[in-house]
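Topology and contacts: notes
The primary structure of each chain is shown beneath.
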Amino acid sequence: MDTSETYDIETPYPYIEESLNLDADTFETMWQLLSCIFDYWELAMPTSGAKSQLLVFMQNRMKINLNYYAEYKNAACVIHELNQKFGKHNGTIHLLTSPEAAIKPANTRLARARQMVSNEFITLALSIGGFKSFGAKNALGYINGGNVEGKAPYRIFSDHTDEDSKKDI
Amino acid sequence: MTSNNTPNDILIIGSGVAGAAIAQKILEQHPNAKITMLEAGGKMKMRDFALHQDYLVTGNMPYDYYHDFAYPNRDTAGENESLGKTMLPMQGSRLLMYGGSTVHWGGWSFRLKPEDFELKTRIAKTSQHLSGNYDLIDWPISYSDLEPFYCEAEHYIGVSGDSNDTTSPRSAAYPYPAFPYTLEDKPSIEAMQSLGIKYSHMPIARHGLTASESTHPPCQTTGTCKYCPFGARYAAANYLDDIQTFYDYPNFSIITNAAVESLIMTNKHKVSGVHYIDKNIDQHATQTLHADLVILAAGAIESSKILLRSQNDFWPKGLGNDKDLVGRNLITHPYLMFEAELPENPLGLIPEMDFPTMVSRHFDSPEEQSEGKYIIVNPPSSIGVKLAQEMQNGKPLNVIRDELTGKTKLQLHALVEIFSQRDNRLSNVSKRNHIGLQETAINFDQGPDFEVRIAQIQTEIDKIFTAMGAHNTKLKTISWRADHAACTTRMAHSSSEGVVDKNLKVFDVENLFICSNSSFSSLGAVNPTLTLTSLALRLAHHINENVLPNRQAEAGNNIAIHEAN
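The structure displayed is predicted, hence computed values, not measured ones.

Calculation criteria
Residues numbered from 1 in each chain as written. Chains lettered and ligands numbered in written order. Predicted model: local features only at pLDDT ≥ 70, side-chain atom pairs only at ≥ 80, totals over all residues. Heavy atoms only, no water. Helix = DSSP H or I, 4+ residues; strand = E, 2+ residues; numbered from the N terminus. Rg over C-alpha atoms; globule rule 2.2 N^0.38 Å. Contact = heavy atoms within 4.5 Å. Areas by Shrake-Rupley, 256 points an atom, 1.4 Å probe, with all protein chains shown as cover. Lys, Arg positive; Asp, Glu negative; His and termini not counted. Charge placed at Lys NZ, Arg CZ, Asp CG, Glu CD. Axes fitted to C-alpha atoms, helices over the stretch in contact; angles between N-to-C directions. Parallel < 35°, antiparallel > 145°, perpendicular 65-115°, else oblique. Nonpolar A, V, L, I, M, F, W, Y, C, P; charged D, E, K, R; others polar. UniProt positions renumbered as here; feature names shortened; annotations may be inferred. Pairing = 2+ DSSP bridges. Buried area = accessible area lost by both parts, 1.4 Å probe. Salt bridge = Lys/Arg side-chain N within 4 Å of Asp/Glu carboxyl O. Polar contact = N/O pair within 3.5 Å; in protein donor to acceptor, adjacent residues only side chain to side chain. Buried < 20%, exposed > 50% of the residue type's maximum accessible area, 1.4 Å probe, protein only. Left-handed = near helix turned anticlockwise from the far one by under 90°. Core = buried A, V, L, I, M, F, W, Y, C linked by side-chain atoms within 4.5 Å. pLDDT = per-residue confidence, 0-100.

A word on the overall build of chain B
Helix and strand content of chain B: twelve helices and 18 strands. Relative to the compact-globule value of 24 Å for 565 residues, chain B shows a C-alpha radius of gyration of 24 Å, a close match. Along the longest, intermediate and shortest principal axes, the C-alpha atoms of chain B span 75 × 55 × 55 Å. When contacts within chain B are restricted to residue pairs at least 6 apart in sequence, those whose partners lie at least 24 apart make up 75%. Surface summary for chain B: the accessible area is close to 19800 Å², and the carbon and sulfur share equals 48%. Of the charged side chains in chain B, 48 are positive and 64 negative, and the gap between their average positions amounts to 3 Å.

What follows is the structure in structure tokens.
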């Protein structure tokens, strides 16, 4: 039996590994939601890895606040109901665009699904490459690599009179 | 009261960049030295991807607990007291935690200019038109005295910069190349070119790619610099972790949640240790630590307050305060945010970075010194639409695309030098804040010349905006936040005009040093952290070369014992 003490190990958010395991239906519904965000705003989907990035993101949210387990379950339930009412694609778009999902405080299940889940997924979608559809080369949250000469990881402005402008006192 | 009777060679109060740099440099030369660092705040997990993603989607700073609360108002108890005509907000200005304010700083890493070290001499010739009652001094050191340590500091904190930039003289290159100008800089740069205004690359504390061994990964341009998941932006917390993890310094220790109450004096000229409260042991009982040398590196505000609290028979008005200078001459940088409207944004510029890449020090010049020098920065996030926000509001793609290239607001920011006034001061309040430190009272008045200077600066900014084709220039905000609070224990030639000498030693006390922005003689127009780091490395060099050898030779005392262990 391991009797070593662990009480003074630093931890910013204690969590239980098993609590991060969402059921397959909920995760697949969240993946459909993220895919719909990419489709609706015609965002550039990464060629690979988007689904696993979604999984890591959701687990990270649950690590910090286990309430996200319930938020994701709630969002999946809301999407199922909306899809039944408006049709599979239109139901999810209703979640993304309906003004009634934006009311504050978020005291309906619809509003919570929008403000706690799909809004965060929009930020995630942009940060894993979706922003590229708007012409930029880098964006907040995107890990685009280091400052390599001649291969700057963002759109640059070449300053042809650079040397003159540097002259000071 | 309990006492740890094993004396320290050196006690460092504060775990920010000054304390971390001093500790590392001394330990490199004296690896067995017994050094204890006391930090009033606690620790927070750095370089954590879940916290990074939380910051990304919510904007919540994981270290917000360690900020001061806002001043009291009708509805909230708040913290600290603002007593003067001009409010210097403390909320958000500093972090009271392991790693200090470097955990949240932007990393702008400027050198002062040579003329900044001669403020009194130079301004006396030209400032007859100023109406304020300013208390100016020259630095007791020159730019050339500090220049080698600027080079060392740029390598220590890992600055990416343009080594050909002659804005300030330099004898060595930056460790990493400058980040190129972003496309967002295009309007500003073209406007400045047309007006003959000089500009340069922003020297920024972001590690670059290196072929040498390093525990500090390069910047990955994630755009979430306030909480870097990699530790590519200098944060003393990461460096202190590394000192304890990767190096064999058996007598180095850091005590967090330990708030220093006062300094203990053996006689008028010698400090022997500190009284402090260790919240890990008891929230109220005072502990004692003894040391041969004490270095106050707790930031301008807390370093000054500790001196003022250290009243005893030898120093009845507070340690180093016989001339009533401690806590006085407080200055900071007013941060001006100007805004204008561009009729269109044909390139669809949107924020791609979380730090600026262009700065103009054109008005940070000898010609502007008597009025108050200033720098102009093109902020990284002012132009274009906020894509996530627009989508979260449910706007369709065609609307967002139209907004992206349509009318947009943009900003230019300016950091302005102001001058010390004796009556601008800080002091202790008996009430304690949520960290356990005595709160701060700030009495500050911006002075009679400030509004005139602001109008002059706005005129120049308006010219730049106009050259861009923008209109409706307005001064959106003046932030007087105390981020760069300084000059409250000034470095001076004599005790009649300052609190510490050119080696940062408190006048008339042989073994007490103050290394914080409080020891600046003046502040110039630029962010102070690189200068503070340079002073810290210079102090560590002085201790290594002059203080420790002398003390070992004098007594064969504790230092020699610890070296031998």
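Details of the overall build of chain A
Looking only at helices and strands, chain A features six helices and zero strands. Going from the N terminus to the C terminus, chain A shows its helices and strands as α-α-α-α-α-α. Its C-alpha atoms give chain A a radius of gyration of 21 Å, more than 25% over the compact-globule value 15 Å for 169 residues. Taken along its principal axes, the extent of the C-alpha atoms in chain A is 65 × 55 × 35 Å. A sequence separation of at least 24 residues applies to 56% of the contacts in chain A between residues at least 6 apart. Surface summary for chain A: the accessible area is close to 8900 Å², and the carbon and sulfur share equals 53%. Across chain A, the 16 positively charged side chains and the 21 negatively charged ones have centroids separated by 8 Å.

Things to note about the packing of helix 4 (residues 88–97) of chain A against helix 5 (residues 109–127) of chain A
All names here are of chain A. Where helix 4 meets helix 5, the closest approach of the two axes is 9 Å, and the angle between their N-to-C directions is 80°. Compared by their axis directions, helix 4 and helix 5 come out roughly perpendicular. Along its contact with helix 4, which presents Leu95, Leu96 and Thr97, the element helix 5 presents Leu110, Ala113, Arg114 and Ser118. Split by residue class, the contact of helix 4 with helix 5 holds four nonpolar, two polar and one charged.

A closer look at the UniProt feature "domain: Glucose-methanol-choline oxidoreductase N-terminal" (unreviewed entry) in chain B
Following the UniProt record, one finds the feature "domain: Glucose-methanol-choline oxidoreductase N-terminal" (unreviewed entry) at residues 217–334 of chain B. Structurally, residues 217–334 of chain B comprises 19% helix and 29% strand, and the distance from its first C-alpha atom to its last is 33 Å.

Remarks on the sheet that holds strand 13 (residues 374–377) of chain B
Residues and elements named next belong to chain B. On the basis of which strands lie adjacent, the open sheet formed by six strands has the order 6-12-13-14-11-17 and antiparallel pairing. Looking along the sheet, the strands with just one partner apiece sit at the ends: strand 6 (200–201) and strand 17 (471–479). Relative to strand 13, strand 12 (residues 358–360) runs antiparallel, the two sharing two bridges. Bridge pairing links serine 360 to isoleucine 376 in strand 13. On the sheet, helix 5 (residues 186–195) packs against strand 12, strand 13 and strand 14 (408–416) and is oriented at approximately 30° with respect to strand 12. The sheet contacts of helix 10 (residues 450–468) involve strand 11 (335–342), strand 13, strand 14 and strand 17, and relative to strand 11 the element is tilted by about 30°.

A short note on the interface of chain A and chain B
Facing 52 residues of chain A, the contacting portion of chain B comprises 62 residues. The contact between chain A and chain B buries some 4900 Å² in all, and 58% of this surface belongs to carbon and sulfur atoms. Seen at the junction of chain A and chain B, the total is three salt bridges. Remark: the boundary between chain A and chain B carries 23 residue pairs in polar contact (both at pLDDT 80 or more). Mapped onto the side of chain A that touches chain B, the elements with two or more residues apiece are helix 1 (24–40), helix 2 (50–64), helix 4, helix 5 and helix 6 (162–166) of chain A. A total of eight residues in the side of chain A that touches chain B trace back to one element, the largest contributor, which is helix 5 of chain A. For the side of chain A that touches chain B, a count of residues per class yields 26 nonpolar, 14 polar and twelve charged.

Things to note about the pairing of strand 2 (residues 35–38) of chain B
Within a regular strand, side chains alternate between the sheet's two faces. Residues and elements named next belong to chain B. Of the two faces of strand 2, both are covered, the one formed by Ile35 and Met37 as well as the one formed by Thr36 and Leu38. Direction of pairing for strand 2 relative to strand 7 (residues 252–255): parallel, over a ladder of four bridges. For isoleucine 35, the partnering residue across the bridge sits in strand 7 and is phenylalanine 252.

Focus on the packing of helix 3 (residues 67–86) of chain A against helix 4 of chain A
All names here are of chain A. Contact geometry for helix 3 and helix 4: axes closest at 7 Å, N-to-C directions at 125°. As far as their axial angle goes, helix 4 and helix 3 are oblique. In this structure, helix 3 meets helix 4 at a crossing whose hand is right-handed. Where helix 3 approaches helix 4, its residues Ile79, Leu82, Asn83 and Phe86 are matched on the opposing element by Lys88, Asn90, Gly91, Thr92, His94 and Leu95. Looking at side-chain class alone, the contact of helix 3 with helix 4 contains four nonpolar, five polar and one charged residues.

Focus: the nonpolar core
Note on soluble globular proteins: their nonpolar side chains tend to be buried together. Residue and element names in this part refer to chain B. Counting 166 residues, the largest nonpolar core has Tyr234, Phe252, Leu263 and Leu512 as the members making the most contacts within it. Looking at this core element by element, the count peaks at ten residues for helix 11 (residues 529–555). In contact with leucine 512, other than residues within four places in its own chain, are Leu263, Val271, Val294, Leu296, Leu307, Leu319, Leu504, Lys505 and Val506.

Regarding the confidence of the model for chain A
Per-residue confidence for chain A averages 92 on the pLDDT scale, and 93% of its residues sit at or above 70. Low pLDDT, under 50, characterises residues 163–169 of chain A; the stretch is placed with 20 contacts to residues that sit more than four places away or in other chains.

Remarks on the sheet that holds strand 16 (residues 438–443) of chain B
All names here are of chain B. Across the sheet, which stays open at both edges, the three strands sit in the order 3-16-15 with mixed pairing between neighbours. Each edge of the open sheet is held by one strand with a lone partner, namely strand 3 (81–82) and strand 15 (425–432). Across five bridges, the pairing between strand 15 and strand 16 is antiparallel. Its bridge partner lying in strand 16, arginine 425 is registered against asparagine 443. Across the sheet, helix 7 (residues 299–309) lies against strand 15 and strand 16, angled at about 75° from strand 15, the strand it touches most.

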